[in-house]
Amino acid sequence: MSFTDFHMHTILSDGFLLPSELVRRAEANGYTSIAITDHVDVSTIDRVIIELSKMLNESDMIDVIPGVEITHVLPSRIPELAKKAKQAGLLVIVHGETIVEPVRKGTNFAALNSGYVDILAHPGLITEEEVKLAVENDVFLELSGRKGHSFTNGHVARLAKKYNAKMLVNSDTHTPSDMLSQKRVSDLILGAGLKEKDIEVITQINASELRKRFIK
Ligand SMILES: [Zn+2]
Ligand SMILES: [Zn+2]
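Residues numbered from 1 in each chain as written. Chains lettered and ligands numbered in written order. Predicted model: local features only at pLDDT ≥ 70, side-chain atom pairs only at ≥ 80, totals over all residues. Heavy atoms only, no water.

In the nomenclature of an unreviewed UniProt entry, the protein chain is known as Histidinol phosphate phosphatase domain-containing protein of Candidatus Heimdallarchaeum endolithica.

Okay, here's the thing in structure tokens:
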């Protein structure tokens, strides 16, 4: 069984580990593939794209997908940054409107509308219109394993189910202790009000669909 986490940080932004140490620790934790998705804004995106691209095919262990998390960027600039990262072959996450940070209103919409975003992370009190846009543009909605961001997982799950949007569970790891076990992921899915059968859909079917955009 595969076990993928699409949202993890390293010292390239505010994580604690070097990319290589994150990969080794993720492997030891039982992940079969991970994405390294450091925070970027207008000032750091070029540097992080260059540095993370070096991780492609570097590991002889688990599969590593290089990515970025576009964070606290003006909504009007999000499409341009997302396009740049997508054209570099990276997985594109946008740091969504979590209720525990002053993320600018309009961030969720800009991410979902851009056509270059793979995952909207911790979308907070996402609206019904935004969830429909996620379905239209094939953007995965995140249920977060991170304290604080996870407060609205139940809301996200309820609307995603209503409109048939695709969900993923990610740890948003910054330190090694943030990594999740498969049991924790399953419990998180049930805790968000979803059903036993959703575990397979989210962790296997949805994760495999997203992995295929990067790993052939
Ligand atoms: Zn984030
Ligand atoms: Zn993050």
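Focus on the coordination of the zinc ion (ligand 2)
As a benchmark, a tetrahedral metal site with four donors has ideal angles of 109.5 degrees, while an octahedral site with six donors has ideal angles of 90 or 180 degrees. Around the zinc ion (ligand 2), the donor atoms from the protein are His7 (NE2), His9 (NE2), Glu69 (OE) and Asp172 (OD), and they sit 2.1 to 2.3 Å away. Note that the zinc ion (ligand 2) binds 4 donor atoms; their angles at the metal cover 82 to 168°, and the shape is irregular. Going along the chain, you hit the donors of the zinc ion (ligand 2) in the pattern H-x1-H-x59-E-x102-D. Here the zinc ion (ligand 2) and the zinc ion (ligand 1) are spaced 3.3 Å apart, and both take Glu69 as a donor. Pair noted here: Glu69 is in strand β3 (residues 63-70) and Asp172 is in the loop between β7 (167-170) and α7 (182-191), with a separation of 103 residues, a long-range link. Neither Glu69 nor Asp172 differs from the other in exposure class; each is buried. (Donors = N, O, S within 2.8 Å, 3.2 Å for Na, K, Ca; no water. Tetrahedral: all angles 85-135°; square planar, octahedral: opposite > 155°, others 65-115°. Helix = DSSP H or I, 4+ residues; strand = E, 2+ residues; numbered from the N terminus. Buried < 20%, exposed > 50% of the residue type's maximum accessible area, 1.4 Å probe, protein only.)

Examining the coordination of the zinc ion (ligand 1)
Each protein donor to the zinc ion (ligand 1) is listed here as Glu69 (OE), His95 (ND1) and His122 (NE2); together their distances run 1.9 to 2.2 Å. With relative accessibility at 0%, the residue Glu69 sits in the buried group. Using a relative accessible area of 1% as the deciding quantity, one classes His122 as buried.

Thoughts on the side chain of Asn108
Within the secondary structure, Asn108 is located in helix α4 (residues 107-113). Separated by 3.0 Å, the side chain of Asn108 and the backbone oxygen of Pro123 make a polar contact. (Polar contact = N/O pair within 3.5 Å; in protein donor to acceptor, adjacent residues only side chain to side chain.)

What to know about the packing of α7 against helix α8 (residues 196-211)
Between two packed helices, what matters for the description is the angle formed by their axes and the separation of those axes. Closest axis-to-axis distance for the α7/α8 pair is 9 Å, and the angle between their directions is 120°. Classified by the angle their axes make, α7 and α8 are oblique. The interaxial crossing formed by α7 with α8 has right-handed handedness. Contacts from Val185, Ser186, Ile189 and Leu190 of α7 reach α8 at Glu196, Asp198, Ile199, Ile202 and Thr203. Here the residues of the contact of α7 with α8 are counted per class, giving 5 nonpolar, 2 polar and 2 charged. (Axes fitted to C-alpha atoms, helices over the stretch in contact; angles between N-to-C directions. Parallel < 35°, antiparallel > 145°, perpendicular 65-115°, else oblique. Left-handed = near helix turned anticlockwise from the far one by under 90°. Contact = heavy atoms within 4.5 Å. Nonpolar A, V, L, I, M, F, W, Y, C, P; charged D, E, K, R; others polar.)

Topic: the sheet that holds strand β2 (residues 33-40)
Backbone-to-backbone hydrogen bonds join strands into a sheet, with any given pair of strands oriented parallel or antiparallel. In space, the 7 strands of this open sheet follow the order β1-β2-β3-β4-β5-β6-β7, with parallel pairing throughout. This sheet does not close on itself; its edge strands, each paired only once, are β1 (4-8) and β7. For this sheet, the mean angle separating the axes of adjacent strands, direction not counted, is 30°. Sheet topology places strand β4 (residues 91-95) next to strand β5 (residues 119-121); 3 bridges connect them, and they run parallel. Paired with Val94 across the two strands is Leu120, which belongs to β5. The sheet contacts of helix α2 (residues 45-53) involve β2 and β3, and relative to β2 the element is tilted by about 155°. Along the sheet face, helix α6 (residues 153-163) touches β6 (140-144) and β7 and points at about 150° away from the line of β6. (Pairing = 2+ DSSP bridges.)

Notes on the pattern of salt bridges
All chains considered together, the criterion is met by 15 salt bridges. Of the charged contacts in the structure, one is a salt bridge between Lys183 and Asp187, with a shortest N-O distance of 2.7 Å. Taken together, the residues span about one helical turn, with Lys183 and Asp187 both in helix α7 at a distance of 4 residues. On the basis of relative accessibility, which here comes to 56%, the residue Lys183 falls in the exposed class. Connected through shared salt-bridge partners, Lys86, Asp118, Asp138, Lys166, Glu209 and Arg213 make up one network. (Salt bridge = Lys/Arg side-chain N within 4 Å of Asp/Glu carboxyl O.)

Side note on the environment of His174
Looking at the element boundaries, His174 is found in the loop between β7 and α7. Given a relative accessible area of 8%, His174 falls into the buried group. Separated by 88 residues in sequence, His174 and Lys86 have C-alpha atoms that sit 23 Å apart. Those residues within four positions of His174 in sequence are excluded, and the remaining contacts are His9, Asp14, Gly15, Phe16, His39 and Arg146. Here Asp14 takes part through its side chain, which lies 3.1 Å from a polar atom of the side chain of His174.

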